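# Tertiary structure, described
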Amino acid sequence: MAGVKLIVQYPCPKDIEAFEKVYLSEHVPMAVAKLAGKTRIVASKGIAAPQGVPAFYRVVEIHFPSMQALQACAESAGGKQTIANAVSISSGGPPVFLIAEEETFTF
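To start, this report covers the structure provided alongside it. As the structure is a computational prediction, the values presented were derived from the model and not from experiment.

### Focus: the packing of helix H1 (residues 16-34) against helix H3 (residues 77-89)
Interaxial distance between H1 and H3 falls to 9 Å at its minimum, and their mutual angle equals 170°. What the angle tells us is that H1 and H3 run roughly antiparallel. Each of Phe19, Val22, Tyr23, His27, Met30, Ala31 and Lys34 in H1 lies in contact with H3, whose residues at this interface are Gly78, Gly79, Gln81, Thr82, Asn85, Ala86 and Ile89. The residue inventory of the contact of H1 with H3, partitioned by class, reads seven nonpolar, six polar and one charged.

### Regarding the packing of helix H2 (residues 67-75) against H3
It is the contact of H2 with H3, at a shortest axis distance of 4 Å, that shows an interaxial angle of 75°. With respect to H3, the element H2 is oriented roughly perpendicular. Side by side, H2 and H3 meet where Cys73, Ala74 and Glu75 of the first sit next to Ala77, Gly79, Lys80 and Ile83 of the second. When grouped by side-chain class, the residues that make up the contact of H2 with H3 number four nonpolar, one polar and two charged.

Conventions adopted
- Throughout, a residue's number is its position along its own chain's written sequence, starting from 1.
- Note on the predicted model: pLDDT of at least 70 is required for a residue's local features to be given, and 80 or more for side-chain atom pairs to be given and counted; whole-chain, interface and lining totals, by contrast, use all residues.
- Heavy atoms throughout the structure, all of them, feed into the side-chain values; hydrogens and water do not.
- Axes here refer to lines fitted to C-alpha atoms; in helices the fit is confined to the stretch in contact. Angles between the N-to-C directions go from 0 to 180 degrees.
- Helix and strand definitions here come from DSSP, where helices need a minimum of 4 consecutive H or I residues and strands a minimum of 2 consecutive E residues; each element is numbered from the N-terminal end.
- For classification purposes, an angle smaller than 35 degrees is called roughly parallel, one larger than 145 roughly antiparallel, one from 65 to 115 roughly perpendicular, and anything else oblique.
- Contacts are residue-level and defined by heavy atoms, with any inter-residue pair within 4.5 Å sufficient.
- All residues other than Ala, Val, Leu, Ile, Met, Phe, Trp, Tyr, Cys, Pro, Asp, Glu, Lys and Arg, Gly among them, are scored as polar; the first ten of these are nonpolar and the last four charged.

Here it is, written out as structure tokens:
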């Protein structure tokens, strides 16, 4: 199996400035420190969509070398704390969590 990733999709927050402040100053450092086994984190911010407003404000990918590594992280105390924090800071509604297998096409 190729690497897997946990994708966290945050809906548009009620207060973008407040969300960004807590996300960057508290949540990201927590994720970096407590998500054991990750190989990288990619955080994207939705800025436009063909239908007008993007469905999600932030989409974050936490990459792992295997499903076992992702599961071990999610079951750990640090993983549970970080996931709970993601839910608590998402003021626009609960974030959507998705586990995906990654495929890369190089041109």
